[in-house]
2 protein chains.
Amino acid sequence: MKLTRRNFISKSSFGLPLLPITFSWNSNLSLKKEKHSPLKEGDVILFQGDSITDSNREKTKELPNDSFSLGSGYAFMGASQLLFSNPNKKLKIYNRGISGNKVFQLDERWEKDCVNLKPDFVSILIGVNDYWHKRDKVYDGTIDVFEKDYRGLLNKTKEQLPLVKFIICEPFILMGSKVDKSWIGPFAEYQKITKKLADEFNSLWVPFQETFNHAVEFAPPSYWAPDGVHPSIAGNQLMANKWLKIINSKE
Amino acid sequence: MKLTRRNFISKSSFGLPLLPITFSWNSNLSLKKEKHSPLKEGDVILFQGDSITDSNREKTKELPNDSFSLGSGYAFMGASQLLFSNPNKKLKIYNRGISGNKVFQLDERWEKDCVNLKPDFVSILIGVNDYWHKRDKVYDGTIDVFEKDYRGLLNKTKEQLPLVKFIICEPFILMGSKVDKSWIGPFAEYQKITKKLADEFNSLWVPFQETFNHAVEFAPPSYWAPDGVHPSIAGNQLMANKWLKIINSKE
């Protein structure tokens, strides 16, 4: 099954004809009414990750609920819908993603960029650079290091913030200018680890690979992420809508 | 009725208790399936206006479908959802709002910033500076000049782009650091003109004042637009969702 969906992406990148199915974002965006929202008054939500989360955010003030500090990607889009749909909750939403980061780099700045913010929800999207930089021989961390570091980060967080809820996002790839088929097999091993950790830590899990695989039925991979790693505006909105759906489906 | 809704805003600014009604953005965001979308393949959509539309957009490249060039306000948010939900339409979405603009300043740059882009849809949000700058005695255009210039702009556009569809957005105010009750009566006259022109030109009409009046039932005006003119992230998302609902309800 894994192979099937991986194959699907690469087939699509060669220009599968578009299917005559309507692609309604209603169905992807079925936020429940506020009374079903898992968010409580005063909740702090933190987005963490690499360049995909960073999305050119302002890094001097790093304010919550601020359009400069939230960047222009899925974190900003998710935050803006949460702030819109929870007007009476006094939410604080931070983005602390940093371009190029691997999991050990999150760990290095975790006190400042996670624990000190006292988040109720921590959303993490990490892993593509752990594979990519190793592949390019500019980093020597193995996949076992990735798993060990990621688990260590989550354990450390739970120790200091026992009530924290994790939202673990699956790293993803599409066929693009920086990604070819040879990524699929080895990168799937990194993806599996993030799912395994999500289960171990009883976390929310956002299956972004499946989300993008579905999207490429409607437009070629380049529409959603030209280089195969960094999403377009449409790709970021796709992510935000999926992320919101997962958050709001939590009882 | 006008007085009632105006009164409501100012009452809310003094801290009406929040109502225990759920505020679901589902109901505000009921985009129909793509087959009902008014957008055709290759459509060009242009956002025009003042600082609210501008929202710190990049002004050197001014690219379509680009997160820097679209700014970080309702135009970006509306564009990202349209690009997400119409992946096979090859839409081009531009933002050419400029901070501080009044209607005559749109006119001065209309050839370059509208006609040359050959838009199929032109969304215009203008008027708050026409009133504000006159009020502050830094501009001497009367309300009659506003009406004459705005009508002239729409006529000129129709002459050069006979098939263009207008989306006329109502300028709005909330009680805030730059706006007090004395704005309400005279500004309502500007709002009426935009509605009158929307009717004259058989345009889509986005009633933003009513949208914000509804929103202040759920959080104080400062949550949606701290200074009473420029929306917060939540206020911009409120606008984008309303704008999308109007666009997608068009048959």
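Worth saying up front: this structure is predicted, and the values here are computed from it rather than measured.

Thresholds, definitions, all that
- Residues numbered from 1 in each chain as written.
- Chains lettered and ligands numbered in written order.
- Predicted model: local features only at pLDDT ≥ 70, side-chain atom pairs only at ≥ 80, totals over all residues.
- Heavy atoms only, no water.
- Pairing = 2+ DSSP bridges.
- Helix = DSSP H or I, 4+ residues; strand = E, 2+ residues; numbered from the N terminus.
- Axes fitted to C-alpha atoms, helices over the stretch in contact; angles between N-to-C directions.
- Contact = heavy atoms within 4.5 Å.
- Salt bridge = Lys/Arg side-chain N within 4 Å of Asp/Glu carboxyl O.
- Buried < 20%, exposed > 50% of the residue type's maximum accessible area, 1.4 Å probe, protein only.
- Disulfide = S-S within 2.5 Å.

J.: Is there a simple way to explain the sheet that holds strand β1 (residues 44-49) of chain B in this structure?
T.: Picture the strands of a sheet paired through backbone hydrogen bonds; they go either parallel or antiparallel. Residues and elements named next belong to chain B. One open sheet holds the five strands; their spatial order is β2-β1-β3-β4-β5, and the pairing between them is parallel. Looking at the sheet topology across the chains shown, the edges are occupied by β2 (92-95) and β5 (204-206). Strand-to-strand twist across the sheet, computed as the mean angle between neighbouring axes with direction ignored, equals 15°. With four bridges joining them, β1 and β2 adopt parallel strand pairing. Within β2, the position partnered with L46 by the bridge is Y94. Running at roughly 160° to β5, helix α9 (residues 184-200) makes contact with β4 (165-169) and β5 of the sheet.

J.: Please clarify how the pattern of salt bridges should be interpreted in this entry.
T.: Close approach of charged atoms allows side chains with opposite charge to pair. Taken as a whole and judged by the stated rule, the model has 32 salt bridges over all chains. Linking E62 of chain B and R57 of chain B is a salt bridge whose minimum nitrogen-to-oxygen distance equals 2.8 Å. Taken together, the salt bridges that share partners define one network made up of R57, E62, R96, R109, K112 and D113 of chain A.

J.: Explain the pairing of strand β1 (residues 44-49) of chain A here, please?
T.: For a regular strand, side chains alternate in direction, first toward one face of the sheet and then toward the other. Residues and elements named next belong to chain A. Across the six residues that make up β1, a large majority, six, are buried. Sheet topology note: the β1/strand β3 (residues 121-125) ladder contains five bridges and is parallel. Across the sheet, the residue bridging to G49 is L125, located in β3.

J.: Which parts of the structure should I look at to understand the pairing of strand β3 (residues 121-125) of chain B?
T.: Residues and elements named next belong to chain B. With five of five residues buried, β3 is to be regarded as a mostly interior element. Across the two faces of β3 the burial is the same, with F121, S123 and L125 and V122 and I124 all buried. When β3 meets β4, the two strands line up parallel, connected through five bridges. Bridge pairing in β4 places V122 opposite F166.

J.: What am I meant to see in the state of the cysteines here?
T.: What makes a disulfide is a covalent bond joining the sulfur atoms belonging to two cysteines. Residues and elements named next belong to chain A. Taken as a whole and judged by the stated rule, the model has zero disulfides over all chains. Left without a disulfide partner, C169 is nearest to the cysteine sulfur of C114, which lies 14 Å away. Residue C169 is classed as buried on the basis of its relative accessible area, which comes to 0%.

J.: Is there a simple way to think about the environment of M77 of chain B in this case?
T.: Locating M77 of chain B in the fold gives a position in helix α4 (residues 74-85). The exposure class of M77 of chain B is buried, given its relative accessible area of 3%. Through-space distance from the C-alpha of M77 of chain B to that of N65 of chain B is 11 Å; in sequence the pair is twelve residues apart. When near neighbours in sequence (up to four residues on either side) are disregarded, M77 of chain B contacts F76, S80 and Q237 of chain A together with S72, I233, N236, Q237 and A240 of chain B.

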